[in-house]
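Reading the structure
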Amino acid sequence: MNTQVFAHRGASCTAPENTLPAFEQAAALHADGVELDVHLSADGQLVVIHDDTVGRTTNGIGVVHQMTLEQLKTLDASMGKAGFAGVKIPTLEEVYRLLQPTGLQVNVELKENEYDNGFAVIPKVLALEEAYGMSGRVFYSSFNHYALREMKHLSAKIQTGLLYAAALVDVWDYAASVPADAIHPNFFTLRDKNLVLQCHAFDIAVRPWTVDNEADLQNMFEQNVDTVITNDPELALRLRKENG
Ligand code: G3P
Ligand code: MG
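Model, not experiment: these values are computed from the prediction. (Residues numbered from 1 in each chain as written. Chains lettered and ligands numbered in written order. Predicted model: local features only at pLDDT ≥ 70, side-chain atom pairs only at ≥ 80, totals over all residues.)

1. Observations regarding the site of ligand 1
How we decide: Nearness is defined per residue: the C-beta atom, placed using the backbone, must lie within 6 Å of the molecule or strand. Residues are sorted three ways: Asp, Glu, Lys and Arg are charged, Ala, Val, Leu, Ile, Met, Phe, Trp, Tyr, Cys and Pro are nonpolar, and all the rest, Gly among them, are polar. Segmentation of the chain into domains, including their bounds, is taken from an automatic or database domain assignment.
Around ligand 1, the surrounding shell consists of H8, E35, D37, H50, E109, S141, L163, H184, W209, T210 and I229. Considering only residue class, the shell around ligand 1 consists of 3 nonpolar, 5 polar and 3 charged. When we break the shell around ligand 1 down by domain, the ones giving at least three residues each are domain 1 (10–150) and domain 2 (159–243).

2. Looking at the confidence of the model for the protein
We apply this condition: Across the chain, each position has a pLDDT score giving the predictor's confidence in that residue, from 0 to 100.
For the protein, mean pLDDT is 96; residues scoring 70 or higher make up 98% of the total. Predicted complex, confidence summary: ipTM 0.99, pTM 0.97.

3. Looking at the nonpolar core
In globular proteins that are soluble, nonpolar side chains generally tend to be buried together. Note the cut-off: Definition of nonpolar core: a set of buried Ala, Val, Leu, Ile, Met, Phe, Trp, Tyr and Cys residues joined via C-beta atoms within 7 Å. Any residue surrounded by 20 or more other C-beta atoms within 10 Å of its C-beta is treated as buried, while 12 or fewer makes it exposed and the intermediate range makes it partly exposed; C-beta atoms here are placed from the backbone. This entry defines residue contacts through backbone-placed C-beta atoms, with two residues in contact when those atoms are within 7 Å.
Within the largest apolar cluster, 65 residues are counted, with the highest numbers of intra-cluster contacts made by V34 and V38. Each of domain 1 (10–150) and domain 2 (159–243) accounts for three or more of the residues forming this core. With residues up to four places along the chain from it excluded, the contact list for V38 reads L46, V48, L92, V108, E109, L110, K111, E112, V121 and V125.

4. Concerning the domain arrangement of the protein
Definition in use: Only DSSP runs of H or I reaching four residues or more are called helices, and only runs of E reaching two or more are called strands; each is numbered from the N terminus.
Here the protein is partitioned into domain 1 (10–150) and domain 2 (159–243). Inter-centroid distance (C-alpha atoms) of domain 1 to domain 2 is 22 Å. Of the residues lining the interface, 16 residues belong to domain 1; the matching set on domain 2 comes to 14 residues. At the level of secondary structure, the elements contributing two or more residues to the side of domain 1 that touches domain 2 comprise β5 (138–142) and α5 (145–154). Per element, the largest residue contribution to the side of domain 1 that touches domain 2 is 4 residues, and it comes from β5.

5. Quick look at helix α1 (residues 20–28)
The set of residues buried in α1 consists of L20, P21, A22, F23, Q25 and A26. Buried positions along α1 lie against β1 (4–8), β2 (33–40), α3 (92–99) and α9 (233–243). Following α1 by one or two positions, H30 adopts a phi angle in the positive range, close to 65°.

6. Notes on the pairing of strand β9 (residues 227–230)
Put simply, the test is: When DSSP finds two or more bridges between two strands, those strands count as paired.
Residue alternation in β9 divides its side chains into two sets, T227 and I229 and V228 and T230, and both sets are buried. Here β1 runs beside β9; their pairing, made up of 4 bridges, is parallel. Bridging across to β9, F6 finds its partner in I229.

Have a look at this one:
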(Lines give C-alpha, C1' and ligand atoms only; values in the text may rest on other atoms or scores of the structure.)
(Ligands and ions follow the chains in the order given, each with its own letter.)
Protein backbone atom coordinates (compact mmCIF):
# COMPACT_ATOMS: atom_id res chain seq x y z
CA MET A 1 0.00 0.00 0.00
CA ASN A 2 1.41 3.38 -1.02
CA THR A 3 -1.01 5.71 0.70
CA GLN A 4 0.75 8.67 2.29
CA VAL A 5 -0.19 10.02 5.71
CA PHE A 6 -0.50 13.79 6.18
CA ALA A 7 -1.08 15.35 9.58
CA HIS A 8 -4.07 17.69 9.37
CA ARG A 9 -3.14 21.08 10.88
CA GLY A 10 -0.11 19.16 12.20
CA ALA A 11 -0.57 16.39 14.76
CA SER A 12 -3.68 18.19 15.99
CA CYS A 13 -4.93 15.30 18.17
CA THR A 14 -2.02 15.79 20.53
CA ALA A 15 -0.88 19.41 20.02
CA PRO A 16 -2.65 22.70 19.32
CA GLU A 17 -3.62 22.83 15.66
CA ASN A 18 -1.48 24.76 13.16
CA THR A 19 1.33 25.42 15.66
CA LEU A 20 5.03 24.57 15.50
CA PRO A 21 4.69 21.84 18.16
CA ALA A 22 1.96 20.19 16.04
CA PHE A 23 4.27 20.18 13.02
CA GLU A 24 7.23 19.01 15.12
CA GLN A 25 5.17 16.08 16.37
CA ALA A 26 4.20 15.15 12.82
CA ALA A 27 7.87 15.09 11.89
CA ALA A 28 8.78 13.06 14.98
CA LEU A 29 6.14 10.48 14.01
CA HIS A 30 7.61 10.30 10.49
CA ALA A 31 4.41 11.34 8.80
CA ASP A 32 4.83 11.89 5.08
CA GLY A 33 3.64 15.46 5.34
CA VAL A 34 1.48 18.05 7.00
CA GLU A 35 -1.57 20.02 5.95
CA LEU A 36 -1.85 23.62 7.14
CA ASP A 37 -4.04 26.67 6.52
CA VAL A 38 -2.71 30.03 5.39
CA HIS A 39 -4.13 33.55 5.64
CA LEU A 40 -2.62 36.95 4.98
CA SER A 41 -2.28 39.32 7.94
CA ALA A 42 -3.16 43.02 7.58
CA ASP A 43 0.52 43.75 6.85
CA GLY A 44 0.75 41.05 4.19
CA GLN A 45 2.45 38.28 6.17
CA LEU A 46 1.64 34.60 5.58
CA VAL A 47 0.21 33.27 8.83
CA VAL A 48 -0.81 29.71 9.65
CA ILE A 49 -4.27 29.60 11.20
CA HIS A 50 -7.49 27.92 10.16
CA ASP A 51 -10.35 30.33 10.85
CA ASP A 52 -10.92 33.82 9.46
CA THR A 53 -11.03 34.97 13.08
CA VAL A 54 -8.75 34.26 16.04
CA GLY A 55 -11.43 33.53 18.67
CA ARG A 56 -11.62 29.74 18.50
CA THR A 57 -7.90 28.94 18.50
CA THR A 58 -6.40 31.79 20.57
CA ASN A 59 -7.09 33.89 23.64
CA GLY A 60 -7.84 36.96 21.50
CA ILE A 61 -10.63 38.30 19.33
CA GLY A 62 -10.43 39.78 15.85
CA VAL A 63 -10.31 39.07 12.14
CA VAL A 64 -7.00 37.64 10.96
CA HIS A 65 -6.66 39.76 7.82
CA GLN A 66 -7.41 42.92 9.81
CA MET A 67 -4.64 42.24 12.35
CA THR A 68 -0.91 42.80 11.91
CA LEU A 69 1.60 40.04 12.49
CA GLU A 70 2.74 41.87 15.60
CA GLN A 71 -0.81 41.81 16.97
CA LEU A 72 -1.28 38.14 16.05
CA LYS A 73 1.99 37.24 17.74
CA THR A 74 0.73 38.58 21.09
CA LEU A 75 -1.89 35.80 21.21
CA ASP A 76 -1.68 32.43 22.90
CA ALA A 77 -2.59 29.68 20.43
CA SER A 78 -2.35 26.75 22.86
CA MET A 79 -6.14 26.23 22.86
CA GLY A 80 -5.94 25.37 26.56
CA LYS A 81 -3.89 22.23 25.89
CA ALA A 82 -1.64 21.35 28.82
CA GLY A 83 2.06 21.84 28.20
CA PHE A 84 1.66 24.30 25.33
CA ALA A 85 0.93 27.60 27.13
CA GLY A 86 2.35 30.58 25.27
CA VAL A 87 2.64 28.87 21.89
CA LYS A 88 2.13 31.37 19.08
CA ILE A 89 0.45 31.48 15.70
CA PRO A 90 3.34 30.65 13.36
CA THR A 91 4.20 32.28 10.07
CA LEU A 92 4.51 29.99 7.07
CA GLU A 93 8.20 30.93 7.01
CA GLU A 94 8.67 29.61 10.55
CA VAL A 95 7.03 26.34 9.52
CA TYR A 96 9.30 26.00 6.48
CA ARG A 97 12.34 26.73 8.64
CA LEU A 98 11.24 23.89 10.92
CA LEU A 99 10.28 21.38 8.23
CA GLN A 100 12.84 22.08 5.53
CA PRO A 101 15.47 19.77 7.08
CA THR A 102 12.95 16.99 7.76
CA GLY A 103 12.01 16.15 4.19
CA LEU A 104 8.29 16.28 5.04
CA GLN A 105 5.90 17.48 2.35
CA VAL A 106 3.55 20.39 2.95
CA ASN A 107 -0.04 20.80 1.78
CA VAL A 108 -0.64 24.55 1.93
CA GLU A 109 -4.37 25.29 2.01
CA LEU A 110 -5.07 28.81 0.80
CA LYS A 111 -7.79 30.31 2.96
CA GLU A 112 -7.25 33.96 2.06
CA ASN A 113 -8.53 33.32 -1.44
CA GLU A 114 -11.94 32.34 -0.18
CA TYR A 115 -12.73 36.03 0.24
CA ASP A 116 -9.91 37.79 -1.67
CA ASN A 117 -10.22 37.28 -5.39
CA GLY A 118 -7.14 39.45 -5.94
CA PHE A 119 -5.10 36.36 -5.07
CA ALA A 120 -2.47 38.46 -3.30
CA VAL A 121 -1.41 35.39 -1.39
CA ILE A 122 -0.24 33.48 -4.46
CA PRO A 123 3.06 35.26 -5.31
CA LYS A 124 3.93 35.28 -1.62
CA VAL A 125 3.58 31.52 -1.10
CA LEU A 126 5.47 30.79 -4.33
CA ALA A 127 8.35 33.11 -3.36
CA LEU A 128 8.61 31.51 0.07
CA GLU A 129 8.58 28.00 -1.38
CA GLU A 130 11.48 28.94 -3.61
CA ALA A 131 13.41 30.77 -0.86
CA TYR A 132 13.33 27.66 1.33
CA GLY A 133 14.11 25.21 -1.46
CA MET A 134 10.77 23.47 -0.91
CA SER A 135 9.91 22.98 -4.58
CA GLY A 136 8.64 19.48 -5.22
CA ARG A 137 7.60 19.13 -1.57
CA VAL A 138 4.75 21.65 -1.51
CA PHE A 139 1.33 21.41 -3.04
CA TYR A 140 -1.57 23.81 -2.79
CA SER A 141 -5.23 23.23 -2.10
CA SER A 142 -8.22 25.52 -1.72
CA PHE A 143 -11.98 25.54 -1.77
CA ASN A 144 -11.54 28.44 -4.18
CA HIS A 145 -10.81 26.64 -7.43
CA TYR A 146 -10.28 29.92 -9.29
CA ALA A 147 -7.22 30.48 -7.12
CA LEU A 148 -5.86 27.07 -8.08
CA ARG A 149 -6.57 27.71 -11.76
CA GLU A 150 -4.69 31.00 -11.41
CA MET A 151 -1.69 29.10 -10.03
CA LYS A 152 -1.75 26.67 -12.96
CA HIS A 153 -1.83 29.63 -15.36
CA LEU A 154 1.33 30.93 -13.70
CA SER A 155 3.08 27.58 -14.07
CA ALA A 156 1.90 24.11 -14.98
CA LYS A 157 4.49 22.75 -12.53
CA ILE A 158 2.65 24.10 -9.47
CA GLN A 159 0.86 21.17 -7.85
CA THR A 160 -2.79 21.85 -6.96
CA GLY A 161 -5.66 19.96 -5.33
CA LEU A 162 -9.35 20.83 -5.42
CA LEU A 163 -11.00 20.88 -2.01
CA TYR A 164 -14.69 20.01 -1.89
CA ALA A 165 -17.25 18.51 0.43
CA ALA A 166 -20.13 17.35 -1.78
CA ALA A 167 -20.55 14.08 -3.70
CA LEU A 168 -19.68 15.39 -7.16
CA VAL A 169 -20.45 13.56 -10.40
CA ASP A 170 -17.53 12.61 -12.68
CA VAL A 171 -15.17 14.77 -10.65
CA TRP A 172 -12.19 13.57 -12.69
CA ASP A 173 -13.63 15.39 -15.71
CA TYR A 174 -14.04 18.53 -13.66
CA ALA A 175 -10.51 18.27 -12.23
CA ALA A 176 -9.06 17.85 -15.71
CA SER A 177 -11.00 20.89 -16.91
CA VAL A 178 -9.89 23.29 -14.14
CA PRO A 179 -7.12 21.92 -14.48
CA ALA A 180 -5.77 20.47 -11.23
CA ASP A 181 -3.43 17.63 -10.26
CA ALA A 182 -5.51 16.24 -7.42
CA ILE A 183 -8.86 16.19 -5.69
CA HIS A 184 -9.13 16.70 -1.93
CA PRO A 185 -12.64 15.44 -1.11
CA ASN A 186 -14.34 15.10 2.22
CA PHE A 187 -13.79 11.35 2.73
CA PHE A 188 -17.55 10.79 3.14
CA THR A 189 -17.91 11.32 -0.61
CA LEU A 190 -15.61 8.40 -1.53
CA ARG A 191 -18.13 5.64 -2.04
CA ASP A 192 -16.11 3.02 -3.89
CA LYS A 193 -12.87 2.27 -5.64
CA ASN A 194 -14.30 3.37 -8.96
CA LEU A 195 -13.79 7.03 -8.18
CA VAL A 196 -10.14 6.47 -7.28
CA LEU A 197 -9.60 4.27 -10.34
CA GLN A 198 -11.18 6.87 -12.63
CA CYS A 199 -9.11 9.67 -11.12
CA HIS A 200 -5.93 7.62 -11.47
CA ALA A 201 -6.82 6.90 -15.10
CA PHE A 202 -6.82 10.69 -15.57
CA ASP A 203 -3.57 10.98 -13.57
CA ILE A 204 -5.38 12.82 -10.79
CA ALA A 205 -4.36 12.09 -7.20
CA VAL A 206 -6.99 11.52 -4.48
CA ARG A 207 -6.34 12.95 -1.02
CA PRO A 208 -9.39 12.69 1.27
CA TRP A 209 -9.81 14.52 4.59
CA THR A 210 -10.28 14.33 7.54
CA VAL A 211 -9.98 10.59 8.20
CA ASP A 212 -9.63 9.91 11.90
CA ASN A 213 -11.02 6.57 12.98
CA GLU A 214 -9.73 3.09 12.33
CA ALA A 215 -12.58 1.83 10.11
CA ASP A 216 -12.50 4.94 7.93
CA LEU A 217 -8.73 4.83 7.61
CA GLN A 218 -8.84 1.15 6.63
CA ASN A 219 -11.51 1.96 4.08
CA MET A 220 -9.36 4.70 2.52
CA PHE A 221 -6.33 2.40 2.45
CA GLU A 222 -8.43 -0.29 0.73
CA GLN A 223 -9.57 2.23 -1.85
CA ASN A 224 -5.89 2.95 -2.52
CA VAL A 225 -6.17 6.71 -2.12
CA ASP A 226 -2.91 8.57 -2.61
CA THR A 227 -2.95 10.35 0.74
CA VAL A 228 -5.04 10.40 3.90
CA ILE A 229 -5.21 13.74 5.67
CA THR A 230 -5.78 12.96 9.35
CA ASN A 231 -5.82 14.58 12.77
CA ASP A 232 -4.37 11.32 14.15
CA PRO A 233 -1.23 10.55 12.15
CA GLU A 234 -0.01 8.14 14.83
CA LEU A 235 -3.02 5.88 14.32
CA ALA A 236 -2.88 6.13 10.53
CA LEU A 237 0.83 5.30 10.44
CA ARG A 238 0.34 2.32 12.76
CA LEU A 239 -2.52 0.93 10.66
CA ARG A 240 -0.55 1.40 7.48
CA LYS A 241 2.38 -0.48 8.99
CA GLU A 242 0.13 -3.32 10.18
CA ASN A 243 -1.42 -3.60 6.72
CA GLY A 244 2.04 -3.87 5.21
O1 G3P B 1 -7.35 20.36 3.57
C2 G3P B 1 -8.25 19.50 4.18
C3 G3P B 1 -9.10 20.25 5.17
O4 G3P B 1 -8.26 21.00 6.00
C5 G3P B 1 -10.11 21.17 4.53
O6 G3P B 1 -10.98 21.76 5.40
O7 G3P B 1 -11.80 23.42 6.97
O8 G3P B 1 -10.23 21.68 7.78
O9 G3P B 1 -9.41 23.51 6.32
P10 G3P B 1 -10.59 22.62 6.67
MG1 MG C 1 -7.31 22.90 6.01
